[in-house]
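Working through the structure, step by step
If you want the building blocks of each chain, they are given just below.
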Amino acid sequence: MTSKRPSFTDEEALDFHSQPHPGKISMVPTKPMGTQRDLSLAYSPGVAIPVLAISEDEDKAYDYTSKGNLVAVISNGTAILGLGNLGPMASKPVMEGKSVLFKRFADIDSFDIEVDTTDVEEFISTVRNIGSTWGGINLEDISSPDCFIIESRLREELDIPVFHDDQHGTAIIAAAGLINACHITGRNMEDLKVAVSGAGAAGLSVAGLIRHLGVKAENIVMCDSSGVVYEGRTEKMDQFKSAFAIKTSKRTLAEACEGADCLLGLSAKGAVTKDMVKSMAKDPIIFAMANPDPEITPEDIKSVRDDAIIATGRSDYPNQVNNVLGFPYIFRGALDVRARGINEEMKVAAAHAIAELAREDVPDEVAAAYHGARPSFGREYIIPTPFDPRLISFIPPFVAQAAMDTGVARKPINDMEAYRHSLARRADPSAAFIQGVQAHCKENQRRIVFAEGEEPAVVRAAFSFKNQGLGHPILIGREAQVQRAMEQMGIQPGSLEIINARLSDNNPLYTDMLYSRLQRDGYLKRDAQRLVNQDRNVFGCCMLKNGDADGMVTGVTRNYDVALNDALLVLDPIPGQAIIGMSMVINRGRTVFIADTSVTELPQGQDLANIAIEAARGVRALGFTPRVAFLSYSTFGNPMGERGEKVREAVAILDSMKNIDFEYEGDMNADVALNTGHKLLYPFSRLTGPANVLVMPAIHAASISTKLLESMSRATVIGPMLLGLEKPVQIASLGATVGDIVNLATIAAFDVDDVHTS
């Protein structure tokens, strides 16, 4: 399983960094700045209050400023990527990129600082003098051995985390891979014999960290361009290499590889030969991490050893040792406990966390990175990918706990489970909502039918649903086909309930029930029998109707309207309620519900009123206070047209009703409905705030707007959720991901209609 490196021209790269605005980062205020009062609070005179508080207790800066979520990325440009010493200004695009990664992966604010000096003492003095500005400092692209001196001194002189990622980032990810490689090959760390090619910043750091994992110092043979680092050697030695000098007769990398269990390459292209690989022990672990070209290619390794476990620093081979798996989440954990530093125990904890995550079943986001081929723990998947959304909630708690255990945390975390949930919300704004729904499901343990039970995505979703404790899944399908799919995925046979509609003992009961329902609509009994036998949606809905299951999810292989019509053959609308589709859109901390996205194509005035009532019920059941806006191309009659008239008619219908218990207004443009200050222009508006339920004038408007939001912004869309049926049925879109199916199954188990009717 490999992924192709993206190709682009030099011009495209330059355009990316220059258009539409130069650079990759900007500052966005976190407080409103719309009025004179806002400005007075933000600056003078209001700012004097926190100034005085901080003057009395400097730790208050964590409470009243952005310090606690702010990391500086600092370089002097003496070792930029693989390009060498090109100076501080040339390093700026890289440092901005590092800042972007901090924000993208761990929601950490970060700015780059380029220091124009190669003098170690001057560099240290500069950073020390501005150090109190930040919650942490990430040193980057500083040449060896200066980087060791700089980091060591700054760690002593500053009371915040200082972390040279070129050293420790690579070390932590490589250590995680080594933990899992040993797990696969049945080795113990204390018995491992390791050869290291490269005694620069990364090589020395990797060697140091694996010693903390249990590898014996005498079993690590460090090599540089002059050969083995041994006791008594004087050529090209320094205090940092000397710490890894051992008593040995080996003098070359080739000799170091003889009988070695592991080879860690952190040097240069071509440093390792096929003969070296041949000489290694059984099941050799070979991490060739030089970039852009490894010490030896995986193809060359495989040509002489078919038993090797291989990792590289490249994205076009399996097992990429990628620093982005580490530094964002290590800093996240360190910042969240206000750590005074990042110690070895925290690095070891991060390595164990990354290793553990690789052994978990992977989500769809990871599979997408492999073009649909789902990786699983093994020789070609010992390290998670940067696309894994679980990294943010998985790694920081390990780091934070290690910081607390070793006494470097200023602000210990009391509820680690709540902390994990808060981390998930940082990465995915829908996480808070989903967590609440999941908690309800875990308490109630509903039986949910997965109608298309032979589909691999559905099988995996059902297994995930059960594995998360969300309820009891029931797959409808032929047992042999379902079991075959389960075996291919590594799911234990018998772990999921499977029902074959044709062979079910309830088949006659369901047939009689369906025939009695449809006989006056032109259906013969054999028609009812055929539907029960052959249509899994119909069979699943019969299970719901008869009380043999509590909810159903379907739609992966059929169009939405087909699946809905199947359900309507068996199930009725809730009396007095409309059947609608409602999507939940979450973007930048704001949640909006859009209806109707999937059922009524061209609603009339009464339809729109019914949609609003049903949507408001559903939104309230999900824990929100509904404020409904009837959207149109017009705002309060300007300009007027046919669709606008239907919208105004719906508002008039609600006006005539006495039991409406939610705010509503219309006809309105979307920008007016969502504007917090729209009452300044329209003081008669009945909405007390921006709308959070948008009733669209037609299904095409609802569908198009939802898809646009999902595709062109960072919005998270859940749904459409089907509301108004007597039993909870949720219909996924064609080709839905496993995550989508699990979310809809969870909504079915939650049963929005049951919540707001009970």
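Residues numbered from 1 in each chain as written. Predicted model: local features only at pLDDT ≥ 70, side-chain atom pairs only at ≥ 80, totals over all residues. Heavy atoms only, no water.

Under the annotation held in an unreviewed UniProt entry, the protein chain carries the name Malic enzyme and is attributed to Hyphomonas pacifica.

Quick notes on the overall build of the protein chain
Of the regular secondary structure elements, the protein chain holds 32 helices and 21 strands. Radius of gyration (C-alpha) of the protein chain: 30 Å, near the 27 Å computed for a compact globule of 758 residues. Reported as C-alpha extents along the three principal axes, the dimensions of the protein chain are approximately 95 × 70 × 50 Å. Looking at the protein chain as a whole, 53% of its 758 residues qualify as buried. Long-range pairs, those at least 24 residues apart, make up 69% of the contacts in the protein chain between residues at least 6 apart in sequence. (Helix = DSSP H or I, 4+ residues; strand = E, 2+ residues; numbered from the N terminus. Rg over C-alpha atoms; globule rule 2.2 N^0.38 Å. Buried < 20%, exposed > 50% of the residue type's maximum accessible area, 1.4 Å probe, protein only. Contact = heavy atoms within 4.5 Å.)

Regarding the sheet that holds strand β11 (residues 447-450)
Strand order in the open sheet formed by five strands is β13-β12-β11-β14-β21, with parallel pairing between adjacent strands. A single partner strand is all that each edge strand has here, and the edge strands are β13 (497-499) and β21 (729-731). Across the sheet, the axes of successive neighbouring strands diverge by a mean angle of 25 degrees, strand direction being ignored. Sheet analysis places strand β12 (residues 472-476) next to β13, joined by three bridges and oriented parallel. (Pairing = 2+ DSSP bridges. Axes fitted to C-alpha atoms, helices over the stretch in contact; angles between N-to-C directions.)

Topic: the nonpolar core
Core analysis: the largest hydrophobic core is formed by 105 residues, its most contacted members being Ile137 and Leu264. The residues touching Leu264, leaving out its near neighbours within four places in the chain, are Val194, Ala195, Val196, Ser197, Val206, Ile210, Phe287 and Met289. Counting 65 residues, the second-largest nonpolar core is a separate cluster that includes Ile448, Ile580, Leu654 and Phe750. (Core = buried A, V, L, I, M, F, W, Y, C linked by side-chain atoms within 4.5 Å.)

Brief notes about the side chain of Lys347
For Lys347, the location among the structural elements is in helix α15 (residues 344-358). When its relative accessible area of 2% is taken as the criterion, Lys347 is described as buried. Here His168 takes part through its side chain, which lies 3.2 Å from a polar atom of the side chain of Lys347. When residues no more than four places from it in sequence are discounted, the contact partners of Lys347 are Arg155, His168, Ile172, Leu209 and Ile342. (Polar contact = N/O pair within 3.5 Å; in protein donor to acceptor, adjacent residues only side chain to side chain.)

A look at a negative patch on the surface
A cluster of acidic residues, Glu56, Asp57, Glu58 and Asp59, forms a negative patch at the surface. Structurally, Glu56 is set in helix α3 (residues 48-56). Glu56 sits in the exposed class, given a relative accessible area of 71%. (Patch = residues over 30% accessible without salt bridge, like charges linked within 9 Å, V, L, I, M, F, W, Y side chains within 5 Å. Areas by Shrake-Rupley, 256 points an atom, 1.4 Å probe, with all protein chains shown as cover. Salt bridge = Lys/Arg side-chain N within 4 Å of Asp/Glu carboxyl O. Lys, Arg positive; Asp, Glu negative; His and termini not counted. Charge placed at Lys NZ, Arg CZ, Asp CG, Glu CD.)

Regarding a nonpolar patch on the surface
On the surface, Leu81, Leu83 and Leu86 cluster together into a nonpolar patch covering about 340 Å² of accessible area. Topologically, Leu83 is positioned in the loop between β1 (70-75) and α5 (88-106).

Comments concerning unusual backbone geometry
Cis peptide bonds are those with omega within 30 degrees of zero, and the linkage from Asn291 to Pro292 qualifies with 5 degrees. By the element assignment, Pro292 lies in the loop between β9 (285-288) and α13 (298-304). Positive phi, normally seen in glycine, also occurs at Asp141, with a value near 50 degrees. When its relative accessible area of 3% is taken as the criterion, Asp141 is described as buried.

So, the packing of helix α22 (residues 507-518) against helix α23 (residues 525-534)
Running from amino to carboxyl end, α22 crosses α23 at an angle of 130 degrees, the nearest separation of the two axes being 8 Å. Classified by the angle between their axes, α22 and α23 sit oblique to one another. Crossing geometry of α22 relative to α23 is assigned as right-handed. Residue-level contacts link Asn507, Tyr510, Thr511, Asp512, Leu514, Tyr515 and Leu518 of α22 to Lys525, Ala528, Gln529, Leu531, Val532 and Asn533 of α23. When its residues are assigned to classes, the contact of α22 with α23 shows seven nonpolar, four polar and two charged. (Parallel < 35°, antiparallel > 145°, perpendicular 65-115°, else oblique. Left-handed = near helix turned anticlockwise from the far one by under 90°. Nonpolar A, V, L, I, M, F, W, Y, C, P; charged D, E, K, R; others polar.)

Describing the pattern of salt bridges
A full pass over the atoms with the stated rule returns 39 salt bridges. Note that Arg536 is salt-bridged to Glu454, the shortest N-O span being 2.9 Å. Separated by 82 residues along the polypeptide, Arg536 in helix α24 (residues 536-545) and Glu454 in the loop between β11 and α20 (456-467) bring together distant segments of the chain. On the basis of relative accessibility, which here comes to 25%, the residue Arg536 falls in the partly exposed class.

Thoughts on the sheet that holds strand β7 (residues 227-228)
Read from one edge to the other, the open sheet built from six strands follows the order β7-β6-β5-β8-β9-β10, with strand pairing classed as mixed. Lying at the two open borders of the sheet, with one neighbouring strand each, are β7 and β10 (309-312). Pairing of strand β5 (residues 194-197) with strand β8 (residues 262-265) involves four bridges; the strand directions are parallel. Residue pairing in the sheet places Val194 in a bridge with Cys262 of β8. Along the sheet face, helix α9 (residues 201-212) touches β5, β6 (220-224) and β8 and points at about 175 degrees away from the line of β6.

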